[in-house]
Amino acid sequence: MTYDVPVAPGETADLEERIDGAAGGWPMWEVFVRARRGISHVHIGSLHAPDARSALQNARDVYTRRGEGVSVWVVPSSEISAFEPEAAAEYVEANEKVYRLATTYDIPEEVGQM
Amino acid sequence: MTEQILSSTPQGMPAVDIAPRLRDVLSHADDNMVLAQRLGEWISTAPDLEIDIALGNIALDHLGVARALYTHAGEIEDRGRNEDDFAMRRTEREYLNLLLVEQPNDDFAHTIVRQFFFDAYQGLLWPDLIGSDDQTLAGIAAKARKEASYHYEFSSSWLVRLGDGTQESHARAQTAVDRLWRFTAELSAPYADHWPLSVQPILDEAGLVAPDDPYQRSGGRDGYHTEHLGFLLAEMQWMDRTYPGMAW
Amino acid sequence: MVPEEQFQEIVDAESKIEPTDWMPEGYRKTLIRQIAQHAHSEIIGMQPEGNWITRAPSLHRKAILMAKVQDEAGHGLYLYSAAETLGVRRDDLQELLHQGKHKYSSIFNYPTLSWADMGAIGWLVDGAAITNQVMLTRCSYGPYARAMVRICKEESFHQRQGYESLIKLCNGSPEQRAMAQDALDRWWWPSLMMFGPSDSDSTHSEQSMKWKIKRVSNDDLRQQFVDMTVPQADYLGLTIPDPDLRWNEERGHYDFGEIDWDEFWRVVKGNGPMSRDRIEHKTKAWEDGAWVREAATAYAAKRARSAA
């Protein structure tokens, strides 16, 4: 099965990425889970939520299916500072964020400085 | 609370004839079954992916409780009926669920208010049933209680987000409270003193007010329902009634 | 070494490219589109199956179907997260889907008209997904490969529940058997079309192979699927609606008939039976839910202000 759905004859491949004005979505959070006693928290993915409480609920629903005894941390993606290996050094000026570009860190103006 | 005007089982309409212990178990089973069916309608239609997943998970929880209780009802009745006999082959007049849970989803505010009122009730019901002499019922209640507290966390936090969000969300949430309040007397009857304690602080925090209207409806526990249940059961039971006696 | 060479060296060594590594812009854009379309497919796929949740014939089947569809939502979420590591936003990707600029797997543009369709989709569509997903766990892009590993783990019950449902139908009443045959008649060819056109007709297949975004050709995957599925149909006692289908001893594979490529391109262009419905349903859910999302954002902003 292909997810690379082909471009039909007569169409052009649209590799557009951003829609102007589609801002103000819920911020992204990174999810860390400790599956059971004795092991450490592991990064397992991300999700979108309006606030920490909702992010925790969502993380439990999506990433742990509410497994008992599981410890869940959620952190706003924008709060993570990163150090990346040399290979990436040429790519971005201040390469201290986990993901490319800053589009994942849009913070609604009303929230102010974080 | 102002004196209620109760609109319930009319004179002359017989209550459903059924042994009390069986009636109780079936009432709780039907509550969870009907609510699971309603929540299932949200799948692929929710405001965002995370909410879709959350509602689907809550639906699965309620369905799981319903199934466990139907199976237990079959044991109590001892006539060989299973979960599908109860869910798929009883008529509207035999269903004993609260009127609240059969109300349509309407918008997200209605769904959250319906869920919140019900979760507050379940938060009182399950601890009660954990103390039951019926070991099976106590076991079902213990598991359901954990799930119900999670549901309450979800519905109460969303009620506050909606009540104290935007003007539009506040208006929709208030409308939902106004429309669903009339089903809360039936719901909270066994816990009339305690149910308001679980509900009022959240309404306050959400900036929402209970309507100053004594009108209340009941009758669900006697099989006397609103007009919504018939349609819900028609959809839910269609396959089993069209292809009776088959294995799936 | 130039960045391109270093990049290709990592890929050739079967190692992983991670989000902040240098990568050709074409690699990044192709990945965004492919991962996003994979995510969109999971989300849109919730509709044809979700269609039968309220009408499942037993509580057992209702629970299984609800769980399967919720898994798919979760898979969509993992995949959107993987796409976002490439510097796009999920909301933008969804908007591209709503506007028809992004596509999703063609199979979901067909209607689910009977309960047996649930079995057929589980058997055929998840069967096709297996042939693809294992391949994608070896994709060169780290976040996508890792999302696929997680998805594959959760897929195990999806694969079996649909086929098991059909076994029940095929061992059941004449009406149930007829229902199963009717579902196969309607879903067989769309399932073959899921694998896309022959690679000789696909312009960027070769590049995707070099970048190890694609690991096996469309034709090879399709052949793999047919070879796996025909014996399964035989076991069910169902007839695959292809008069040209026969075992080829020389090739060691099944020969099968020509796909109706007119239909294929028609569906890809957005004119499949349910194409409009799927997008309209998705768009309506999004638009109807705007006030909810806005309320949550406003509430969070108020809390942040009062905490500051």
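Everything numeric in this text was worked out from a predicted model, so none of it was measured.

A. Seen up close, the overall build of chain B. Of the regular secondary structure elements, chain B holds 10 helices and 2 strands. Tracing chain B from N to C terminus, the helices and strands come up as β-α-α-α-α-α-α-α-α-α-β-α. What you see for chain B is a C-alpha radius of gyration of 18 Å, in line with the 18 Å of a compact globule of 248 residues. For chain B, the spread of C-alpha atoms along the three principal axes comes to 55 × 45 × 35 Å. Looking at the 248 residues of chain B, the share that counts as buried comes to 57%. Sequence separation of at least 24 residues holds for 81% of the intrachain contacts in chain B that already meet a minimum separation of 6. Accessible area for chain B stands at about 9,900 Å²; split by element, carbon and sulfur atoms hold 51% of it.

B. Main features of the packing of helix H2 (residues 25-50) of chain C against helix H5 (residues 116-136) of chain C. Residues and elements named next belong to chain C. Taken N-terminus to C-terminus, the directions of H2 and H5 make an angle of 165 degrees; their axes are 13 Å apart at the nearest point. Our classification of the angle between H2 and H5 gives roughly antiparallel. For the pair H2 and H5, the crossing hand works out as left-handed. Two secondary-structure elements touch here, H2 through Gln34, His38, Pro48 and Glu49 and H5 through Met118, Ile121 and Leu136. Looking at the contact of H2 with H5 residue by residue, the classes come out as 4 nonpolar, 2 polar and 1 charged.

C. Quick peek at the pattern of salt bridges. One pass over the full model with this rule turns up 34 salt bridges over all chains. The partner of Arg90 of chain C in a salt bridge is Asp48 of chain B, with the nearest N and O atoms 3.0 Å apart. Taken together, the positions of Arg90 of chain C in helix H4 (residues 90-98) and Asp48 of chain B in the loop between helix H1 (20-40) and helix H2 (49-77) put the pair across two chains. Overall, the relative accessible area of 6% leaves Asp48 of chain B in the buried class.

D. Region of the structure containing a negative patch on the surface. Residues and elements named next belong to chain C. On the surface, a cluster of negative charge is contributed by Glu4, Glu5, Glu9 and Asp12. Along the chain, Asp12 falls in helix H1 (residues 3-12). On the basis of relative accessibility, which here comes to 47%, the residue Asp12 falls in the partly exposed class.

E. Inspection of the confidence of the model for chain B at higher detail. On average, residues of chain B carry a pLDDT of 94, and 94% of them reach 70 or more. Across the interfaces of the predicted complex, the ipTM metric reaches 0.95, alongside a pTM of 0.92.

F. Broad picture of the nonpolar core. Counting residues in hydrophobic clusters, the biggest one holds 183 residues, and the most contacted among them are Tyr70, Phe108, Phe117 and Trp158 of chain B together with Trp115 and Tyr141 of chain C. Those residues within four positions of Phe108 of chain B in sequence are excluded, and the remaining contacts are Trp42, Pro47, Ile51, Leu55, Trp158 and Leu162 of chain B together with Trp291 and Val292 of chain C.

G. Up close: the pairing of strand E2 (residues 42-48) of chain A. Residues and elements named next belong to chain A. In terms of burial, E2 is a largely internal element, 5 of the 7 residues being buried. Two strands pair when backbone bridges link them, and strand E1 (residues 28-34) and E2 are joined in this way by 6 bridges, in the antiparallel orientation. Paired with Trp29 across the two strands is Leu47, which belongs to E2.

H. Looking closely at the confidence of the model for chain A. Residue and element names in this part refer to chain A. Averaged over all residues, the pLDDT of chain A is 71; the fraction at 70 or higher stands at 51%. Within the model, pLDDT remains below 50 along residues 87-95, and this stretch shows 12 contacts once partners closer than five positions in the same chain are excluded. Low pLDDT, under 50, characterises residues 102-114; the stretch is placed with 23 contacts to residues that sit more than four places away or in other chains.

I. Layout of the sheet that holds E1 of chain A. A sheet is described by the order of its strands in space; here 3 strands give the open sequence E2-E1-E3 (chain A), paired in antiparallel fashion. Edge positions in the sheet fall to E2 and strand E3 (71-76) of chain A, since each of these pairs with one other strand and no more. Here the average twist between neighbouring strands, direction ignored, is 30 degrees. Helix H3 (residues 59-84) of chain C contacts E1 and E2 of chain A of the sheet and is inclined by roughly 95 degrees relative to E2 of chain A.

J. Spatial organisation of the interface of chain A and chain B. Each side of the interface is counted separately: chain A has 14 residues, and chain B has 16 residues. Across the interface of chain A and chain B, roughly 1,300 Å² is buried in total on both sides, 47% from carbon and sulfur atoms. Joining chain A to chain B, the criterion identifies 2 salt bridges. Across the pair Asp51 of chain A and Arg161 of chain B runs a salt bridge, and its minimum N-O distance is 2.9 Å. In this assembly, chain A and chain B are joined by 8 residue pairs in polar contact (both at pLDDT 80 or more).

Conventions adopted
- Residues numbered from 1 in each chain as written.
- Chains lettered and ligands numbered in written order.
- Predicted model: local features only at pLDDT ≥ 70, side-chain atom pairs only at ≥ 80, totals over all residues.
- Heavy atoms only, no water.
- Helix = DSSP H or I, 4+ residues; strand = E, 2+ residues; numbered from the N terminus.
- Rg over C-alpha atoms; globule rule 2.2 N^0.38 Å.
- Buried < 20%, exposed > 50% of the residue type's maximum accessible area, 1.4 Å probe, protein only.
- Contact = heavy atoms within 4.5 Å.
- Areas by Shrake-Rupley, 256 points an atom, 1.4 Å probe, with all protein chains shown as cover.
- Axes fitted to C-alpha atoms, helices over the stretch in contact; angles between N-to-C directions.
- Parallel < 35°, antiparallel > 145°, perpendicular 65-115°, else oblique.
- Left-handed = near helix turned anticlockwise from the far one by under 90°.
- Nonpolar A, V, L, I, M, F, W, Y, C, P; charged D, E, K, R; others polar.
- Salt bridge = Lys/Arg side-chain N within 4 Å of Asp/Glu carboxyl O.
- Patch = residues over 30% accessible without salt bridge, like charges linked within 9 Å, V, L, I, M, F, W, Y side chains within 5 Å.
- Lys, Arg positive; Asp, Glu negative; His and termini not counted.
- Charge placed at Lys NZ, Arg CZ, Asp CG, Glu CD.
- pLDDT = per-residue confidence, 0-100.
- Core = buried A, V, L, I, M, F, W, Y, C linked by side-chain atoms within 4.5 Å.
- Pairing = 2+ DSSP bridges.
- Buried area = accessible area lost by both parts, 1.4 Å probe.
- Polar contact = N/O pair within 3.5 Å; in protein donor to acceptor, adjacent residues only side chain to side chain.

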